Amino acid sequence: MMLAAIIDAHVKVWQETGTGALEAFLATLRMRRDEIEALCRLPDDIAASMKDLGLYRALAPRALGGDERSPADFLRLVESLSAADGSVGWVASFAGAVVYLAGLPPHRFEQFYADGPDVAFAAGLFPVQPVRRQGDKLILSGRWKFASGCSGADWLGAGIVIDDEGQSAKPRVIIFPRAQAQLIADWKVLGLAGTGSYDLVLTDVAIEADWSFVRGGGTTRTEPIYHFPVIPFSALNHAIVGVGCALGALNEAGAAPASERSAASLAAATARLLAARALIYRQTEHVWAHVQSGQPVPARDQGLLRMAAKSAAEAAIAACHAALAATDPDDAAARKNVSRHLRDALVVGQHAFLSPAVYEQAGQLLLGGPAPPGFI
């Protein structure tokens, strides 16, 4: 299908400006989707290859060996990976969490990259757990859920509130080497099955307090990427996984539609997907230009990023449904792959950053109201 050209264009851009291994890696993913889904996490060699691709160095500072790519470049890579396998794309999307980590004190942020820029990070932020202070350390005990990609991570994070800061304190994230947590392999699901979104368990683990920071509470870095709005960027990172899944589903639909009705539905869903996708990249580039110029990003522009992400997640699900309806009933392999894309896109759409409340909150901004807390 013609939509393969969109994926190919991303691959070409990435390989011209970075590693040349992406095209071969995507082919490998398409061959190993059943294995990833059955394992319920990414195989170790695939997790390692994601480092070789430059995924984790993409947004890292040049001063620390990273590539400092633009937000749109990062989204294109995640979209391409998601078109091959949604679980790989979902894990890859969390490489964007480095923009949050810039809330660490400078010496801790640099220590995070002490061994180079190819550092894989995963986090189980919820439910936020109370921790107690002991001198200059925090004592962690609890269980955190949905740490996607944790089995292949170098560092982990957990959502916390510090007891002595009171109930009104903002939740924080604390990070630590993976070896300090127990991973509970309890991820048995139908959508995004290969993400290994395990629970993290820590029992009386002491971590220096300055390894924690308020999530989205600011940055200690001067590089422009760390001044891109972090919450909208996270929403985009997740939504683009659904878009990639939908592109993959439409491309793999295979034979011509069995009826005029399915052909019309496929065309309508494709148009909606491509429009929503275009808004993501247009608005991302618009906001990026603000950031690079040193101008503050208007709240409405940030709200439009959230709206774009939500709209794209919905359009992706509809496109996957249309692709499945148009797939040849006798083509078992194609139906299996398209069905997997649909299941993955459905789970993407359930993320909190892509909830129905996004439209109501964004609408308040469009009507001149203040940004709801935690929205941008």
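That block above? That's the structure.
Bear in mind that the values here come from a model prediction, so they are computed numbers and not experimental data.

Visitor: Tell me about the overall build of the chain, and please be specific about residues and values.
Guide: Across its full length, the chain holds 13 helices and seven strands. At 20 Å, the chain has a C-alpha radius of gyration in line with the 21 Å of a compact globule built from 376 residues. Each principal axis of the C-alpha atoms in the chain carries an extent, and together these give about 70 × 50 × 40 Å. Across the 376 residues that make up the chain, the buried fraction comes to 54%.

Visitor: I'd like a description of the packing of helix α5 (residues 71-84) against helix α6 (residues 86-93), backed by residues and values.
Guide: At a minimum axis separation of 6 Å, α5 and α6 run at an interaxial angle of 155°. It follows from the interaxial angle that α5 and α6 lie roughly antiparallel. Residues Phe74, Val78, Leu81, Ser82 and Ala84 of α5 touch α6, and the partners they reach there are Gly86, Val88, Gly89, Ala92 and Ser93. Tallied by class, residues from the contact of α5 with α6 come to six nonpolar, four polar and no charged.

Visitor: Describe helix α9 (residues 230-252), naming the residues involved and giving the relevant values.
Guide: One full turn of an α-helix is made of 3.6 residues, so residues set three or four places apart face in the same direction. Helix length check: α9, at 23 residues, gives a terminal C-alpha distance of 33 Å against a target of 33 Å (1.5 Å per residue), a fit within 8%. Of all the 23 residues making up α9, 22 are buried; the element is thus mostly covered by neighbouring parts of the structure.

Visitor: Mind laying out the pairing of strand β1 (residues 121-134), listing which residues take part and the relevant values?
Guide: Put simply, side chains in a regular strand alternate between the two faces of the sheet. Relative to strand β3 (residues 155-162), β1 is paired through seven bridges, and the arrangement is parallel. In the strand pairing of β3, proline 130 is matched with valine 161. Note: β1 against strand β2 (residues 137-147), four bridges, orientation antiparallel. Among the inter-strand pairings, arginine 133 is bridged to a residue of β2, identified as leucine 138.

Visitor: Pulling in residues and values, what's your account of the pattern of salt bridges?
Guide: Two side chains bearing opposite charge may form a pair once their charged atoms approach each other closely. For the coordinates displayed, the defined rule picks out 23 salt bridges. The partner of arginine 340 in a salt bridge is aspartate 34, with the nearest N and O atoms 2.9 Å apart. Of this pair, arginine 340 sits in helix α12 (residues 332-348) while aspartate 34 sits in helix α3 (residues 33-39), and the two are 306 residues apart along the sequence. Two residues, lysine 145 and aspartate 199, come together in a salt bridge whose shortest N-O distance is 3.1 Å. Taken as a pair, lysine 145 in strand β2 and aspartate 199 in strand β6 (residues 198-208) lie far apart in primary sequence, 54 residues in all. Owing to a relative accessible area of 33%, lysine 145 belongs among the partly exposed residues under this scheme. The structure contains a network of salt bridges with shared partners spanning Asp34, Glu37, Lys336, Arg340 and Arg343.

Calculation notes
Residues numbered from 1 in each chain as written. Predicted model: local features only at pLDDT ≥ 70, side-chain atom pairs only at ≥ 80, totals over all residues. Heavy atoms only, no water. Helix = DSSP H or I, 4+ residues; strand = E, 2+ residues; numbered from the N terminus. Rg over C-alpha atoms; globule rule 2.2 N^0.38 Å. Buried < 20%, exposed > 50% of the residue type's maximum accessible area, 1.4 Å probe, protein only. Axes fitted to C-alpha atoms, helices over the stretch in contact; angles between N-to-C directions. Parallel < 35°, antiparallel > 145°, perpendicular 65-115°, else oblique. Contact = heavy atoms within 4.5 Å. Nonpolar A, V, L, I, M, F, W, Y, C, P; charged D, E, K, R; others polar. Expected span 1.5 Å × (residues − 1). Pairing = 2+ DSSP bridges. Salt bridge = Lys/Arg side-chain N within 4 Å of Asp/Glu carboxyl O.

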